[in-house]
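Examination of the molecular architecture
Listed below are the residues making up each chain.
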Amino acid sequence: MTKESRNTSDLKSDKVKDYSKYFDFSDAKVVSQEEGKTTYRIKGRNIQINSQPDFKEGKRRGKESIEVHYDFGIPQDMKEFGKGRFYQIVTYGCQMNEHDTETIKGMLEQMGYQSTDDRKVADIILLNTCAVRENAEDKVFGELGHLKHLKIEKPSLILGVCGCMSQEEGVVNRIMTKHPFVDLIFGTHNIHRLPVLLKDASFNREMVIEVWSKEGNIIENMPKKREGIKAWVNIMYGCDKFCTYCIVPYTRGKERSRRPEDVIAEVRDLARQGFKEIMLLGQNVNAYGKDFEDIEYRFGDLMADVSKIDIPRVRFTTSHPRDFDDHLIEVLAKKGNLMEHIHLPVQSGSNEILKRMSRKYTRELYLELVGKIKAVMPDVVLTTDIIVGFPGETDEQFEDTLALVREVGYDSAYTFIYSPREGTPAADMKDDIPAEVKKQRLYRLNDTLNEYSKASNDRLKGQTLEVLVEGESKNNEQVLAGRSRTNKLVHFEGPKELIGQFVQVRITETQTFYIKGEWIHETVSLQLGS
Ligand code: SAH
Ligand code: SF4
Ligand code: F3S
C-alpha cells in the first residue's frame, strides 16, 4: 500500500483502480491505494472507493454462469459490533426493496444491533432507496437534508445510502459533492458486504463507497428479519427486458434465478414457521428459469411445485405479459393455494408507444393473453401498471390506453406520469408534451379506472369471501382489516384474536376504495378448529 498524497493521474498499477473519472473534483488527492480500495482526499474528507456504479458495465449481459454461494456469515470481529447499539432503516420503492430491508435488518441483528423508531437513539440510519421515478429520488435527497442535522449533533452516527439510487453514477457523485456527511454507500448487489463495509466506515471514519455494476452471483442463506403473517420470497433477481423508460435493469443487474430447490426449501420453512401467505418476488417472474443451463424448469413448474406445499396462500409479482405461457395459465387455473389475482402491467394501449417502450408485445397480444386467462379463470382479478405522457404520446395514443382499460376492466392500477431516467434510451427521446397535458391524462385515466374499481367492488355485495385478517384498520382501531383471495382489502368488526386467522365475511357495503362486511361466526369456528 502506498501512503503518500498524490494526484489521481499518478495511479499506475494494474491492480488498483482510478475512479477519478466518476467524480468532478479536479483537486482530489490519492491518500492510499491497495487492491480493491482507493482512498481519496476530497474537500477535507477521506473517501474510500472500493467500486463505483457504471451504467455501461451494468448494461453488458455476459454469458458467464451464475454462481450460488451458501457460505454467508458475519465476520468474527463484527459479531458483537452492534451490542448496545440501535439501527433504523427507511425503505422506499417496491417489495424487492422491502425484502432487501428484511435482509439488512437480519444482518444487523446478527451483529447485535436492535431496531429503534427514535432517530435520536439510532447509531446507524440507512436509507434503502428507489430510483424508478424522479420524485422517489427527491424524497431521499430531502431526507438527507434532515439527517445532516442529526449527524452534526451526533458525529458517531453512521449514515448510509443503499438500494437502487446507489447504483446510479450521477447519484453517487451528487452525494459526494452535496452530502459529504454520508458515511456509507453500497448497492443492490453487495448487500452481503454490509458487515465489512460498516467496519471500514466506523473504524476509519471515511466515506466508504462500494457499488458493483453487474453481478452474476446469488448469495443464499443471508439472515432475514420477517414480521407478521405474510412473507416475501425472492425467486429471481435483476431484469433483462430493458424497457426504454426503465432504470431497473441498470440498478438490479442481469436476470438470475434462484435454484428451485432453494426456493422450495425456503417456502417449506416459512410454512413450518406458520406464515399464512407468501409472495414470490421478481421484476419479471415469468422469465424465471430462463437462465438455467442444466434444467428445463420455468415459472409454471415452480408454481406447480409451490402449490403442493402446505401454505394457505401464494401470490407472485410482477408478471411481464411477454413471457406468460400457457403452462403457467394451466397451473394457475387449478387455484388451491394459488390466488386468482394477477398483476399484469400493460404500460400503454398503443402499439406505437409499446414499440417505443420496447415492451415486446402488441395491444392485440396482450388482449389475447387476457382472454386466455379469463377463459379459464372467470373470477380472476387483473391489476396493472400504466405510464402516461411517454415521450411523443399523442392524444389518440392515450385514447388507445383508455380503450384498453375499458376492454380489460382492471380492478385497480398503479398509474404514473412518465419520468425521464438518466442513462435510459427514452431519456434521449423528444419529450414535448406539456406537463399540464400529462396531468390531465393521468386524471382521466384514474377516473376511468375508478369506475371499474367501483363496479367490481359493487359486484361483491352480498357475497361471502374468505379473508385473511391482517390487523386493525388504519383509520379505525375498532375495525379489523384483511385481504380476500383476490387481494381486496375488506373491513369488518370482530375480536382482535382473529388477527392472523382466516374468516368468512359477507360484504355489505362497497365504495371505490372501501369494502365493508360482516364476520360470519359459525364458519370461523369451524376454520379455527380445523
Ligand atoms: N418489473 C415490473 C415493474 C417495475 S417498476 C414490471 O415490469 O412490471 C414499476 C412500475 O413503474 C412499472 O411497471 C412502470 O409502470 C413504472 N415505471 C418504471 N419506470 C418509469 C418511469 N421512468 N417513469 C414512470 N413510470 C415508470
Ligand atoms: Fe423495468 Fe421493463 Fe424490467 Fe419491468 S420488465 S423492471 S418495466 S425493464
Ligand atoms: Fe425502485 Fe429499485 Fe424497486 S428502482 S421500484 S426499488 S427495483
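Just so we're clear, the structure is a prediction, and the values are computed from it rather than from any experiment. (Residues numbered from 1 in each chain as written. Chains lettered and ligands numbered in written order. Predicted model: local features only at pLDDT ≥ 70, side-chain atom pairs only at ≥ 80, totals over all residues. Heavy atoms only, no water.)

Side note on the pattern of salt bridges
Short version of the rule: What makes a salt bridge here is a side-chain nitrogen of Lys or Arg within 4 Å of a carboxyl oxygen of Asp or Glu, nothing more. The rule is simple: take the accessible area with a 1.4 Å probe, protein chains only, and divide by the maximum for that residue type; under 20% is buried, over 50% is exposed, in between is partly exposed.
For the coordinates displayed, the defined rule picks out 41 salt bridges. With a closest N to O distance of 3.6 Å, Arg-259 and Glu-261 form a salt bridge. Residue class for Glu-261 comes out partly exposed when judged on its relative accessible area of 45%. As a salt-bridge pair, Arg-315 and Glu-277 come within 2.9 Å of each other at their nearest N and O atoms.

Quick look at the site of ligand 2
Basically, it comes down to this: Any residue with a heavy atom lying within 4 Å of a molecule or strand is counted as near it. Classification convention: Asp, Glu, Lys, Arg as charged; Ala, Val, Leu, Ile, Met, Phe, Trp, Tyr, Cys, Pro as nonpolar; all other residues, Gly among them, as polar.
Around ligand 2, the surrounding shell consists of Cys-239, Lys-241, Phe-242, Cys-243, Tyr-245, Cys-246, Val-248, Pro-249, Gln-283, His-320 and Arg-359. Each residue belonging to the shell around ligand 2 can be placed in one class, and the counts come to 7 nonpolar, 2 polar and 2 charged.

Quick look at the domain arrangement of the chain
Our working rule: Domain ranges listed in this record stem from an automatic or a database domain assignment. We call two residues in contact whenever any of their non-hydrogen atoms come within 4.5 Å of each other. When two parts are brought into contact, each loses some accessible area as probed by a 1.4 Å sphere; the total of that loss over both is the buried area. N or O atoms closer than or at 3.5 Å make up a polar contact, with two conditions inside protein: a donor-capable atom paired with an acceptor-capable one, and, for residues adjacent in sequence, both atoms drawn from side chains. Strands here are runs of E lasting at least two residues and helices are runs of H or I lasting at least four, both read from the DSSP assignment and numbered beginning at the N terminus.
By domain assignment, the chain separates into domain 1 (3-210), domain 2 (219-458) and domain 3 (464-529). The C-alpha centroid of domain 3 is placed 27 Å from the C-alpha centroid of domain 2. Domain 2 puts 22 residues into the contact, and the matching count from domain 3 is 18 residues. Taken together, the two surfaces of domain 2 and domain 3 that pack against each other cover about 1600 Å², and 49% of this comes from carbon and sulfur. If you sort the residues of domain 2 by the area they bury against domain 3, Ile-229, Arg-313 and Asn-457 come out on top, with a joint share of 36%. Taken together, the connections running from domain 2 to domain 3 amount to 4 salt bridges. The salt bridge involving Glu-340 is made with Arg-485; its shortest N-O contact spans 2.8 Å. Counting across the domain 2 and domain 3 interface gives 16 residue pairs in polar contact (both at pLDDT 80 or more). Only strand 17 (313-317) and helix 13 (435-458) provide two or more residues apiece to the side of domain 2 that touches domain 3. Sorting elements by how many residues they give to the side of domain 2 that touches domain 3 places helix 13 first, with 6 residues.

Here we look at the side chain of Glu-143
Looking at where Glu-143 falls in the secondary structure, it is placed in helix 3 (residues 134-153). According to the relative accessible area criterion, Glu-143 is buried, its value standing at 16%. A polar side-chain atom of Glu-143 sits 2.6 Å from a polar atom in the side chain of Arg-119. Those residues in contact with Glu-143 that lie beyond four places of it in its chain are Tyr-92, Arg-119 and Leu-127.

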